[in-house]
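# Residue-level structure breakdown
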Amino acid sequence: MVSSRSLTPTTHAIEVEKPKAFTFGPTQFTFLQLQTEEGMDARPMSLATSPTRPHLEYAVRLSDSAYKRAFAALRSDDEVRVFGPIGDFVLHEASPAVLVAGGVGITPLKGMAEYAADKALPIPIRLVYSNRSEDEIVYRRELEALEILNPHFRMLNTLTRTTDRGWKGATGRIDSRLVREAARDLADPIYYVSGTPSMVVGMLRLLRSLDVPDASIEVEAFRGYG
């Protein structure tokens, strides 16, 4: 373990030392094994950082489960075990990308955006990102820093439950207007959708209604375990 920190009022992240021989694509998932009050437990967790970065990072939405409680309580001298990497939800390095995330589903997409910036990939990348409220935008500071670092990267936020009149961005769920805006001027982009199963299903329907071919859609569903 390297560090443990709160990201938003309901989300928490840890950084883990990267094993010497460990390599992964931007960005696969692993199983993360922790000691909980109920014994050892391993769950599938997307890597929230690029393989170009020095550590492995994970983030979760907090809940009252034994696993999530143990995750949030981790300290820098604790040990965790990582098994993987697994999965084919990986950035296509030569194609424009539209990243679509809900809440903590941002984790693998943040890693993709970091990878594109660190590797100076020339592809345009647009992130359409939905959260409940402004203080719940997970990794906001890091994503805004990537917009400055990478001229090809842009983030479009929307808030589903905000009552803040000072919010200048979009409100409501991700809709066809927002997706069209993100994809404007992009030639045959790949759409990467990451969030809860219901969010992913809704986005698949929306993309199909916009005549996006299935071959241009990659999905990662977070089942959200108790």
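This text follows the structure it describes.
The rules behind each value
Residues numbered from 1 in each chain as written. Predicted model: local features only at pLDDT ≥ 70, side-chain atom pairs only at ≥ 80, totals over all residues. Heavy atoms only, no water. Buried < 20%, exposed > 50% of the residue type's maximum accessible area, 1.4 Å probe, protein only. Helix = DSSP H or I, 4+ residues; strand = E, 2+ residues; numbered from the N terminus. Pairing = 2+ DSSP bridges. Core = buried A, V, L, I, M, F, W, Y, C linked by side-chain atoms within 4.5 Å. Contact = heavy atoms within 4.5 Å. Phe/Tyr/Trp six-rings, centres within 6.5 Å; stacked < 30°, edge-to-face > 60°. Lys NZ or Arg CZ within 6 Å of the ring centre and 35° of its normal. Arc of directions from axis to C-beta. Axes fitted to C-alpha atoms, helices over the stretch in contact; angles between N-to-C directions.

### Description of the pairing of strand 11 (residues 190–195)
- The element strand 11 is largely enclosed, with a buried count of 6 among its 6 residues.
- Here strand 11 shows two buried faces, one formed by Ile-190, Tyr-192 and Ser-194 and the other by Tyr-191, Val-193 and Gly-195.
- Relative to strand 12 (residues 217–221), strand 11 is paired through 5 bridges, and the arrangement is parallel. Pairing of Val-193 across the sheet is with Val-219, part of strand 12.

### Some words on the nonpolar core
- Among the nonpolar cores identified, the biggest contains 32 residues, and Ile-106, Leu-109, Leu-127, Tyr-129, Leu-143 and Tyr-192 are the most heavily contacted of them.
- Breaking this core down by element, the ones donating at least two residues are strand 7 (97–102), helix 2 (106–118), strand 8 (125–131), helix 3 (140–149), strand 9 (153–159) and strand 11.
- For this core, the element with the most residues is helix 2, which contributes 7 residues.
- Setting aside anything within four residues of it in sequence, one finds Tyr-129 in contact with Ala-101, Gly-102, Gly-103, Ile-106, Ile-137, Val-138, Leu-143, Met-155, Leu-156, Asn-157 and Thr-158.

### Describing the packing of aromatic side chains
- Inspection of every chain in the model, using the stated rule, returns 3 aromatic pairs.
- In this structure, Lys-110 packs its charged tip against the face of Tyr-139, placed 4.4 Å from the ring centre.

### Some thoughts on helix 3
- Three or more residues of helix 3 are buried, namely Glu-142, Leu-143 and Leu-146. Along helix 3, the residues classed as buried sweep out an arc of 95° about the axis, all on the same side. Across from the buried face of helix 3, at angles greater than 90 degrees, the exposed residues are Arg-141 and Ile-148.

### Focus: the sheet that holds strand 5 (residues 55–61)
- A sheet is described by the order of its strands in space; here 3 strands give the open sequence 1-2-5, paired in antiparallel fashion. Strand pairing shows two members of the sheet lacking a second neighbour, strand 1 (3–8) and strand 5, which therefore form its edges. Going from strand to strand, the sheet's axes swing by 25° on average, the running direction of each strand aside.
- Looking at chain direction, strand 2 (residues 11–17) and strand 5 are connected through 7 bridges and run antiparallel. Each bridged residue has a counterpart across the sheet, and for Ala-13 the counterpart in strand 5 is Ala-59.
- Here helix 1 (residues 66–73) sits on the sheet in contact with strand 1, strand 2 and strand 5, set at roughly 130° to strand 5.

### Some points on the sheet that holds strand 3 (residues 29–36)
- Across the sheet, which stays open at both edges, the 3 strands sit in the order 4-3-6 with antiparallel pairing between neighbours. The open sheet has two edge strands with one neighbour each: strand 4 (39–46) and strand 6 (81–86). When the angles between neighbouring strand axes are averaged without regard to direction, this sheet yields 20°.
- Contacts from helix 1 reach strand 3 and strand 4 within the one sheet, and its direction differs from that of strand 3 by about 90°.

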